[in-house]
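# Structural characterization, general
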2 protein chains.
Amino acid sequence: MNLLIVEDEIRLADALGEIMKEQKYITDIVYNGTDGLYYAKNNCYDVIILDVMLPGMNGFDIVRELRASHIATPVILLTAKDDVRDKIAGLDNGADDYMTKPFVPEELLARIRALTRRQGDVILEEQNFLDLTLSLSTCDLICGSKSIHLSYKEFEIMKLLMANQKSVLSKDFLISKVWGSDSNAEDNNVEAYISFLRKKLAFLGSHVMISTIRKVGYRLEDASL
Amino acid sequence: MNLLIVEDEIRLADALGEIMKEQKYITDIVYNGTDGLYYAKNNCYDVIILDVMLPGMNGFDIVRELRASHIATPVILLTAKDDVRDKIAGLDNGADDYMTKPFVPEELLARIRALTRRQGDVILEEQNFLDLTLSLSTCDLICGSKSIHLSYKEFEIMKLLMANQKSVLSKDFLISKVWGSDSNAEDNNVEAYISFLRKKLAFLGSHVMISTIRKVGYRLEDASL
DNA sequence: ATTCTGTTTCAGATTCTTTTCAGTATGATA
DNA sequence: TATCATACTGAAAAGAATCTGAAACAGAAT
């Protein structure tokens, strides 16, 4: 796991760095806001820990700038001020969590774990959507006490649907991802697999349904709505 | 947005309910852990707010049970105890955030926003006009709590009308954009679709009307003017 | 060789979309 | 007002897209 720490109190920053190293987290540390923004924009971190009061550029500005650039990396803000208004401003500017100094390192670690647990498509062992869990290691689709095995192509399609929950995936997109962009698979291949998956969802009794948007594609939906 | 509040202090629970109502959040409130778990498992919430000390079943147990059932809904724990060990336990049991009572309601609201923002990290694109929203990904037309699906051509026409709010779009223009400039579609094709769309607007109860400018074309207008 | 599993192909059924048409309504103009 | 062109709309027909069961096929495992 990769972290970025942006903190101008050098001793605190380095102490945090040590703690992260113990957790086997790979950590970059920078001591001012300008560098912080630069690092955050040009690397891929799992979490960014950001002091609010910084020379160069403050923490709020950095989060806002990151979100404006569509960088969704979880951000934890750190501050000495225990002002509720500040907290709210921080969270509404796009931060995911907020901690007041001084704090116990273990709490920071717990909050990091909480944030990255949610993230996950990279390291994660499973992919979730409503009552469904897709085990990425065994290709099993699980719902409540039932589970069923997915073939490779079923699995790939389900994974894409779950990884892009809110968006509609076109047949062309699915073909290029699952069969390969140079393949000559036809739309009906996708349709057949969607049918297989629907049968398995029905078997599991899941609330999840695969809905068709004609001439556009497929996406997951909550059938109970 | 749908929330579940699990809190045994009835006055606090109801006060929170009021606050959520002001935000137009739809809220279920239950006053003990057993009900909390039941509600959480059998409904689809965007966030669950969970007191730790509860009759029946405590907050930690509920989160753990939910996560074991692969329900990933974000959970915010509330507690009177400001004990770091407790916080860590809560977060590691699967909670996403942790707040100590007493707290300022605005901070809770900000944390709810932070959690739900992450969820829908896909910025769904949409087109708006007055009380209408057209989802560009699903081709759904939404007004208040109602929504209705548009066929592809209905969608294309609606999109053009909404994208060119002030101007009058001629049938020829619509034909060239929707059917293609080389098509042999007739004016009546457009008329038929305008009729379909008007029916759907009526169904939605929208303030928006499609007005006809004879021999010129169509445009959107506010019917209540 | 046989079985098993996963994949592809095909064709009929189904569902939704689009077109067509006829009768009606509306507005402009003389 | 009478007439004509234009626009509206319900219903039916035609057309497309999608679904799905069954069968054919391929490759791996037994």
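A brief report on the enclosed structure follows. (Residues numbered from 1 in each chain as written. Chains lettered and ligands numbered in written order. Predicted model: local features only at pLDDT ≥ 70, side-chain atom pairs only at ≥ 80, totals over all residues.)

## Comments concerning helix α6 (residues 152-163) of chain A
All names here are of chain A. Along its twelve residues, α6 runs 16 Å from first to last C-alpha, staying within 8% of the 16 Å computed at 1.5 Å per residue. Every buried residue of α6 is accounted for by F155, I157, M158, L161 and M162. Buried residues along α6 cover an arc of 170° about the axis, so they all sit on one side. (Helix = DSSP H or I, 4+ residues; strand = E, 2+ residues; numbered from the N terminus. Expected span 1.5 Å × (residues − 1). Buried ≥ 20, exposed ≤ 12 C-beta atoms within 10 Å, placed from the backbone. Arc of directions from axis to C-beta.)

## Some words on the protein's contact with DNA strand D
Neighbouring residues of DNA strand D: 20 residues in total, closest S195 and T212 of chain A together with E191, S195 and T212 of chain B. Of all elements in the fold, only α8 (187-204) of chain A together with α8 (187-204) of chain B reach the threshold of two or more residues within the surface near DNA strand D. For the surface near DNA strand D, the residue count by class is four nonpolar, six polar and ten charged. (Near = placed C-beta within 6 Å. Nonpolar A, V, L, I, M, F, W, Y, C, P; charged D, E, K, R; others polar.)

## Some remarks on the interface of chain A and chain B
Of the residues lining the interface, 31 residues belong to chain A; the matching set on chain B comes to 28 residues. Sorting the residues of the side of chain A that touches chain B by element identifies α4 (84-92) and α5 (105-119) of chain A as the ones contributing at least two each. Among the elements that make up the side of chain A that touches chain B, the one with the highest residue count is α5 of chain A (seven residues). Its residues placed into classes, the side of chain A that touches chain B shows 13 nonpolar, four polar and 14 charged. (Contact = placed C-beta atoms within 7 Å.)

## As for the protein's contact with DNA strand C
Not every one of the 23 residues close to DNA strand C is listed here, only the nearest: S151 and Y152 of chain A together with S151, Y152 and K153 of chain B. Secondary structure elements with two or more residues in the surface near DNA strand C: α6 and α8 of chain A together with α6 (152-163) and α8 of chain B. For the surface near DNA strand C, the residue count by class is seven nonpolar, eight polar and eight charged.

## What about the sheet that holds strand β7 (residues 132-135) of chain B?
Residue and element names in this part refer to chain B. Judged by pairing direction, the sheet is antiparallel, and its four strands sit side by side in the order β6-β7-β8-β9 without closing on themselves. Each end of this open sheet is capped by a strand with a single partner; those strands are β6 (126-129) and β9 (146-149). Taken over all neighbouring pairs, the strand axes of this sheet differ in orientation by 20° on average, direction set aside. Of the pairings in the sheet, the one linking β7 to strand β8 (residues 140-143) comprises three bridges and is antiparallel in character. By the bridge assignment, T133 is partnered in β8 with I142. Running at roughly 60° to β6, α6 makes contact with β6, β7 and β8 of the sheet. Each of β8 and β9 touches α8; the most contacted strand, β9, lies at about 155° to it. (Pairing = 2+ DSSP bridges. Axes fitted to C-alpha atoms, helices over the stretch in contact; angles between N-to-C directions.)

## As for the sheet that holds strand β1 (residues 2-6) of chain B
Residues and elements named next belong to chain B. Pairing is parallel in the open sheet, where five strands are placed in the order β2-β1-β3-β4-β5. The strands lining the two open edges of the sheet, one partner per strand, are β2 (26-30) and β5 (97-100). Mean inter-strand twist for the sheet, computed between neighbouring axes without regard to direction, equals 20°. Alignment of β1 against strand β3 (residues 47-51), held across four bridges, turns out to be parallel. Bridge pairing links V6 to L50 in β3. Running at roughly 175° to β2, helix α1 (residues 10-22) makes contact with β1 and β2 of the sheet. Here helix α3 (residues 59-68) sits on the sheet in contact with β3 and β4 (75-79), set at roughly 150° to β3.

## Structural notes on the packing of α6 of chain A against helix α7 (residues 171-180) of chain A
All names here are of chain A. At a closest axis distance of 10 Å, the pairing of α6 and α7 adopts a crossing angle of 135°. The angle between α6 and α7 falls in the class oblique. For the crossing formed where α6 meets α7, the hand is right-handed. Across from K153, E156, I157 and L160 in α6, the residues of α7 making contact are L174, K177 and V178. Of the residues that constitute the contact of α6 with α7, the class distribution is four nonpolar, no polar and three charged. (Parallel < 35°, antiparallel > 145°, perpendicular 65-115°, else oblique. Left-handed = near helix turned anticlockwise from the far one by under 90°.)

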